[in-house]
Every structure is written in C-alpha cells, then in structure tokens.
Amino acid sequence: MPATAQAGETIKIRTAIQHPMITGHTDAGPNVAPRKIIHTFAVAYLDAEVLRIDVAPGIAANPFFAFNLRARSSGDVVFTWIDDTGEVIVETRQLTVT
Amino acid sequence: MPPMMRRRSVLFGIAASPAIPYPSLAQTSAPPSTLFTVALAELTKGREIKSGRIRLETSPLAESGSSVECKITVENALATPDQVQTIHLLSEQNPIPTIARFHIAPDTGDVVIETSIRLRTTQRVHAIAQMADGALYADKSESVVLLAACLDAG
Amino acid sequence: MGGLRVLCIAIVLIHSHTIGAFAADGPLRVEAQPLRSASEFLSPALRAEQADPIRNRGMLWVEQGERLFTQPPPGGAPSCATCHARAETSMRGVAARLPAVDAASGQLVNLEGRVNECRIVRQSLPPLDYETDELLALTAYLTALSNGEPLAVSIDGPASAFYAYGQQLWNERQGQLNVACTQCHDQSVGRKLRGDTISSAVPTGYPAYRLEWQTLGSLHRRLRACQLGVRAQLFELGSREYLALELYLKSRARRHPIDAPALRR
C-alpha cells in the first residue's frame, strides 16, 4: 500500500501471508491432515473495521487479498489474520493523508 | 509497502437500474452440486437474485486449481441505503461451497477485491452481493481447470 | 495417493505422445540444441505473477530467509550475518557457484549443505531438513541475492567425477516407464505432456513456488517429482545422486542467469 494519499482518494492495498491453508479435504482418501487455515482476515482503518473476510479452505495457500481503501485522514491501517490454532498475526501500516 | 508477513472498475449497470433476473442455473456443463444448491438457497431465503452491480472474473483457463485468480467488482455509491454489506463467493463443485464471505463497511465506495481461490475441477463460481436493503445481486464466472486442486503432489 | 492418480494420467500421455517416438531399448541420442530458459515455458499470467514481488508467493520465504539470516538464533549462537555481513554484496554470486566440492571433506556440497554446515560448525545448531520452511527460506534468500548472476559451477578437478556421475544418471533409463531424463528434457523439449510443455530443465528458478505444491520447494524435490512421474525408485533429498544431477544440470545451464524464487505450475 502507498504510505501517503490525498483525502477522498481510493488506494489499493495488496496483502500476502505465508500460511499452508491445510484444507482438511482431499480427493485422495482417508489420510487427511486436520484442517488448519486462516479463517479470518480483518482490516481496520482509523479504529473502525473496513473489511472482514470469513475465509474457508477454498482460498488458496499463502492467501493473497487485494482491496480498495478510501483515504479520509492520517492514521493506522491494521491488518489481522487469525488461524485455526488461534494464532493471531497483526501488522500495522501508517497512512498519511494530505 | 504492503504487509508481507512472517509465517506466518468495472461498472455493471447502475444502482437505480430496473432489476434484471439472474439467469437460471441451468447450464451446459456439469450441474451444480447439491451442497452448492443448498448453500445458495440458505443464502437467498427465497429472495430474488438480480444481475448487475456486481461482476465476477476468474481465470477462464486455470493452469492449476490450487490457485485461480479471482476478481470481484461491486458498484457501490456512497451514502445510499442500498450499499453492499456482504459478498458471498460460492463454488458449484468444491467440497465446501462457500469460498469466502466479504463483510464490507458502509461508505466504502466501489469495491474491488482480488484473491486466489482453489477449484477442485472445471466449474462456475458465483459472487452474490447482499445489499443493506436486503437486495441480492449476483454474477458468475466459469473456469476450466487443467490441474485439479485437492490432490497431493510429489 | 492423489499424486499417483495424476501420475497415472501422465504415464498414458508419455507413452502416447512422447516416448512413443523412441525405440524402446535403442541407444539414447543426445541432440545438442540451445537450452530454452525456464520462464519461456511459463504462461504470460504466471510470468507476470512471478515478476510481481507481492504476487510471487516465493517472496514470502525470501523475506523469512532475510530475517533468519540477520537475527541471532535463540540460544546465543551468532547470526549468519555476524560472519556474512552486508550479504547483498558478500553473498552475491555464491549460489551461482554451488554445488561445489568441499576441500576438507571431498564431498559435493550444494547451498542447502553449506547452510547446514554453517549451522553445525559455526552456530552449534542442528541441521535443517530439506523442505522445511526455514531451510527453504534461507536458500531462497541466498539464491535471490544472486539473481541475474549466470550459473557458474566448476566441473574441473575434484568436481569432474561428480559431474560424470550426474551425466550418467541423466542419460540412464530408469523406472517402470524406462525413461531417461534426456529423453524428455533434451529430445522432447517443447512437446506436450499432461497439458504442460516439456522444458529444457534449466534450474535457475529454484527454490521455486510450484502451484501444484502450494509451497516453495527445492530443486531436489522437483527432481523427485520427475522420478515419481516415471515410477522410478526415489533418491533421498540431498543424496549424492540428486547432488550429482544438480551439478550436471547447473553446468549444462551454465551462463543462464538465476531468477529465484520462480513460479512453476
């Protein structure tokens, strides 16, 4: 994502995270590893949630999401990924709005 | 500076356009799974699905079902009562029909979401947008999958 | 065993489209033709994805590798960067010259082996197994530091015997399909196999993110996948056989620039 934007401008944010997204499903038979996926990806901007994604095993490994954000004023964009083991990964990026 | 992590517009009709009925699910290729039909029925609860406002694009020819490009575009005017609330991404042939649900905050403006999805086999994928006023709009896209997902690799 | 199912399909195609052109037990002919770079065999979509540092998922491992290289490991051992400061310059070209014969042991050692040697000798840490995220991350990071550098392995002196062994393995028929590497990757380059195009087997992109694997993988894992395809007895990852083949392949593709981590189907 860009570090700066003009008020009212729409910016594009792209995210990728390393995660195997084990589906718990294969067409292969009984020896299936238990499901372990990122089940939630949430984005907050200026302390308000702007996007939340309920993720199912149908999202590809090492999940990629791109989306738009409308810049209003300077503040943090907080990205949160939560997986089936309860691991929570939070990344914050500062957006300066001019 | 995108968040790279440790381990871990295309407009489609206009908001006030008259409703165009969503085309019937009858298609030339494999019929949708029962799982999909049930999931869709639970989602719509008998409401009419309209075309327009939402557009779904997936790779027409996917080299690997393990990762198929997918783009959802929703026309979404600001400060109107019919803003998009949730987008459901559904697969006709995957073992779990729901691929993802996208919850969109109000006053987001036009929505463009890109991701990569898994497809078990050649099939259609549907994106159904639920608006704040309860209206449903949908679009679908077909991908031919050369190498199926759901298989163990060497 | 879904993999085997796919491979069964491959087998049929090999017989009908590729190997059918060869005499079953005739002498193997190696045709000298210029090698085509690996990216030539990629679709435009995959090539664009590979060039994009966010869409190229292999970059997630490069970033992890840089962290592992720079940060001291738990337990008080020095970090890799303690010895190899300013890796962007000090480690540039290293991956292009490996595998190479280790003077002390006389063994052929590749990048994975070098990393593990440092862990054992310099850091008093256990070696990392092939295909662990940690080893893939370190090798991806170090290989990416040599991006653009042409492969420049030595096959002289003590390396010559390993090279000869690799060449022998390359030309030897193996597996239930009784097929040698050279039959596909020298003699049938550009022909179709299971909806894919047979490549020149230029190994400049490894470790590579293969969509089929849904993760990054080593060159040895890729070699093993070919062996699975011809239903051959599999060698161990890191074995002398795969090391020799790695040396042969990297010498064969000498002067081809490294472009790792690459995307593959």
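### What to know about the nonpolar core
Looking at soluble globular proteins, one finds that nonpolar side chains tend to be buried together. The biggest cluster of nonpolar side chains holds 113 residues, and the ones touching the most others in it are Ile87, Ala127 and Ala129 of chain B together with Ala140 and Leu247 of chain C. Top contributing element to this core by residue count: helix α7 (residues 133-144) of chain C, with eight residues. Apart from the residues lying within four places of it in its own chain, the contact partners of Ala140 of chain C are Gly58, Trp61, Val62, Gly65, Pro207, Leu216, Ala260 and Pro261 of chain C.

### Notes on the interface of chain B and chain A
At the interface, 35 residues of chain B touch 38 residues of chain A. Elements supplying a minimum of two residues to the side of chain B that touches chain A: β7 (98-104) and β8 (111-117) of chain B. Pairing analysis gives five bridges linking strand β4 (residues 48-55) of chain A to β7 of chain B, with the strands arranged antiparallel. Across the sheet, Val55 of chain A pairs through a bridge with Ala100 of chain B, a residue of β7 of chain B.

### What about α7 of chain C?
Residues and elements named next belong to chain C. Between its first and last C-alpha, α7 extends 16 Å over 12 residues, near the 16 Å set by a 1.5 Å rise per residue. Of all 12 residues in α7, 11 are buried; the element is thus mostly enclosed. Taken as a whole, α7 has its buried residues at Asp133, Leu135, Leu136, Ala137, Leu138, Thr139, Ala140, Tyr141, Leu142, Thr143 and Ala144. Where the residues of α7 are buried, they touch α3 (58-70), α6 (111-121) and β6 (215-217).

### Some remarks on the confidence of the model for chain B
Residue and element names in this part refer to chain B. This prediction gives chain B a mean pLDDT of 82; 77% of its residues lie at or above 70. Contacts of residues 1-19 to residues separated by more than four positions or lying in other chains number 49 contacts, the stretch itself having pLDDT below 50. Below a pLDDT of 50 lies the segment residues 24-28, which in the model reaches two contacts outside its immediate sequence neighbourhood of four places, other chains included. Scoring of the predicted complex yields 0.86 for pTM and 0.93 for ipTM.

### Remarks on the packing of helix α8 (residues 159-171) of chain C against helix α11 (residues 240-252) of chain C
Residue and element names in this part refer to chain C. At a closest axis distance of 7 Å, the pairing of α8 and α11 adopts a crossing angle of 95°. With respect to α11, the element α8 is oriented roughly perpendicular. Mapping the contact onto sequence places Ala159, Phe162, Tyr163, Tyr165, Gly166, Gln167, Leu169 and Trp170 in α8 and Glu241, Ala244, Leu245, Leu247, Tyr248 and Ser251 in α11. In terms of residue class, the contact of α8 with α11 is built from 10 nonpolar, three polar and one charged.

### Description of the packing of α3 of chain C against α7 of chain C
Relative orientation and spacing of two packed helices are given, respectively, by the angle between their axes and the distance between those axes. Residue and element names in this part refer to chain C. Two elements in contact, α3 and α7, have axes separated by 7 Å at closest approach and are oriented at 95°. Between α3 and α7, the angle is such that the two are roughly perpendicular. Across the interface between the two elements, Gly58, Trp61, Val62, Gln64, Gly65, Glu66, Leu68 and Phe69 of α3 pack against Asp133, Glu134, Leu136, Ala137, Leu138, Ala140, Tyr141 and Ala144 of α7. A per-class count over the contact of α3 with α7 returns 10 nonpolar, three polar and three charged.

Cut-off values and rules
Residues numbered from 1 in each chain as written. Chains lettered and ligands numbered in written order. Predicted model: local features only at pLDDT ≥ 70, side-chain atom pairs only at ≥ 80, totals over all residues. Core = buried A, V, L, I, M, F, W, Y, C linked by C-beta atoms within 7 Å. Buried ≥ 20, exposed ≤ 12 C-beta atoms within 10 Å, placed from the backbone. Helix = DSSP H or I, 4+ residues; strand = E, 2+ residues; numbered from the N terminus. Contact = placed C-beta atoms within 7 Å. Pairing = 2+ DSSP bridges. Expected span 1.5 Å × (residues − 1). pLDDT = per-residue confidence, 0-100. Axes fitted to C-alpha atoms, helices over the stretch in contact; angles between N-to-C directions. Parallel < 35°, antiparallel > 145°, perpendicular 65-115°, else oblique. Nonpolar A, V, L, I, M, F, W, Y, C, P; charged D, E, K, R; others polar.

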